[in-house]
Amino acid sequence: MVLAAVCLKVCFSAHGVKATNVQIGEYYRGIFMLSWRAAVSNDFDLIQRIGEETHTSLPERQEVFEDKFRLFPEGSFVLAKGFSVFGYGISHPWKLFDIPPLDSFLGTLPNKPDCIFVHDVVVLPAGRGHRASDKFVALVADLARERDIHRLSLVSVYDTHPLWSRLGFKAETGTFLQPKLATYGKTARYMTLRLAL
């Protein structure tokens, strides 16, 4: 680590840039540490491949992911370490209890959203153990607060509800939800999180 930091300082100096140790540390973390970054359009081929590997029973077309990115690029992230990607997360403003069918196009976003809907989060096994889900929820919560939105929502699949419960999400009940959850599989649960003001 020390050698890498020294090398980076030399590289900065060679380009006429005087960098502080703090700046070197931030640069180092950006290259070598696993972290969420904003997704760009070129990421979606890889996002699709990860999704196909993970969601074998709940497939979605790449165009569906790209539709959400087109409407709300701020809500799409990839979990990266250098040039390697270990997961992704996609979210967008929406209406509470209005669950978009899986593999469907949104078309437009609501004029007065009252939640940020977490459409999909995938962390590959090699990227686990770093509380990536916690950090993704924190990112989405910031997006919500910036827009004066006080709730997050999602559909938990594959019996992952204990993870989301640990992060503060609460399962919502009601027979009116069942038809809306049909495309998400038998283990689907609609969950919401009320953000602290």
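Residues numbered from 1 in each chain as written. Predicted model: local features only at pLDDT ≥ 70, side-chain atom pairs only at ≥ 80, totals over all residues. Heavy atoms only, no water.

Visitor: Help me understand the pairing of strand β2 (residues 76-81) in this model?
Guide: The side chains of a regular strand alternate between the sheet's two faces. Along β2, five of the six residues are buried, which leaves the element largely enclosed by surrounding structure. Across six bridges, β2 lies against strand β3 (residues 84-94) in antiparallel orientation. Looking at the pairing, A80 lines up with V85 of β3. Connecting β2 to the next strand, β3, in antiparallel fashion are two residues, including G82 with a positive phi near 65°. (Buried < 20%, exposed > 50% of the residue type's maximum accessible area, 1.4 Å probe, protein only. Helix = DSSP H or I, 4+ residues; strand = E, 2+ residues; numbered from the N terminus. Pairing = 2+ DSSP bridges.)

Visitor: I'm lost on the side chain of S91 in this one. Help?
Guide: Tracing the backbone shows S91 in strand β3. Non-local contacts of S91, meaning those with residues more than four positions away in its chain, are made with F72, G75, I116, F117, V118, H119, V140 and L143. (Contact = heavy atoms within 4.5 Å.)

Visitor: Hey, could you run me through the confidence of the model for the protein chain in this one?
Guide: Residues shown with low pLDDT carry predicted positions that ought not to be read at fine detail. Residues with a pLDDT of 70 or more make up 84% of the protein chain, whose mean pLDDT is 86. Here residues 1-31 scores under 50 on pLDDT; set against residues more than four positions off or in separate chains, the count is 19 contacts. (pLDDT = per-residue confidence, 0-100.)

Visitor: How should the nonpolar core be read in this particular structure?
Guide: Side chains that are nonpolar tend, in soluble globular proteins, to be buried together. One finds W36, L79, F136, V137, L152, W164 and F169 to be the most contacted residues of the largest nonpolar core, which totals 26 residues. Contributing elements (two or more residues each) for this core: β2, β4 (115-123), α5 (132-146), β5 (151-156) and β7 (189-194). For this core, the element with the highest residue contribution is α5, accounting for seven residues. Among all residues touching F136, those that are not within four sequence positions of it are W36, F77, G89, I90, V118 and V121. Judged by nonpolar contacts, the second largest core, of 15 residues, contains L96, I99, L106 and F117. (Core = buried A, V, L, I, M, F, W, Y, C linked by side-chain atoms within 4.5 Å.)

Visitor: How should the packing of helix α3 (residues 44-54) against helix α4 (residues 62-71) be read in this particular structure?
Guide: When two helices pack together, their arrangement is captured by the angle between the axes and the distance separating the axes. With their axes 10 Å apart at the nearest point, α3 and α4 run at an angle of 125° to one another. Our classification of the angle between α3 and α4 gives oblique. As for the relative orientation of α3 and α4, their crossing is right-handed in sense. Residues F44, D45, I47 and Q48 of α3 touch α4, and the partners they reach there are Q62, F65, E66 and F69. Class assignment of the residues belonging to the contact of α3 with α4 gives a composition of four nonpolar, two polar and two charged. (Axes fitted to C-alpha atoms, helices over the stretch in contact; angles between N-to-C directions. Parallel < 35°, antiparallel > 145°, perpendicular 65-115°, else oblique. Left-handed = near helix turned anticlockwise from the far one by under 90°. Nonpolar A, V, L, I, M, F, W, Y, C, P; charged D, E, K, R; others polar.)

Visitor: Sorry, what's going on with the pairing of β7 here?
Guide: Pairing of β5 with β7 involves six bridges; the strand directions are antiparallel. Across the sheet, R151 pairs through a bridge with R194, a residue of β7. Bridge count between strand β6 (residues 170-171) and β7: two bridges; the pairing is antiparallel. Its bridge partner being in β7, K170 is matched across the sheet by T192.

Visitor: Help me out: how do you make sense of α5 in this one?
Guide: Its 15 residues give α5 an end-to-end C-alpha distance of 21 Å, which sits within 8% of 21 Å, the value for a rise of 1.5 Å per residue. Here α5 has its buried residues at A132, S133, D134, F136, V137, V140, A141, L143 and A144. D148 lies just past α5 and shows a positive phi near 60°. (Expected span 1.5 Å × (residues − 1).)

Visitor: Can you walk me through the sheet that holds β3 in this structure?
Guide: Picture the strands of a sheet paired through backbone hydrogen bonds; they go either parallel or antiparallel. Spatially, the seven strands line up as an open sheet ordered β1-β2-β3-β4-β5-β7-β6, and their pairing is mixed. Taken across any chain shown, the strands that pair with only one partner, and hence form the sheet edges, are β1 (35-38) and β6. Of the strands in this sheet, β2, β3 and β4 are in contact with α4, which crosses β3 at around 60°.

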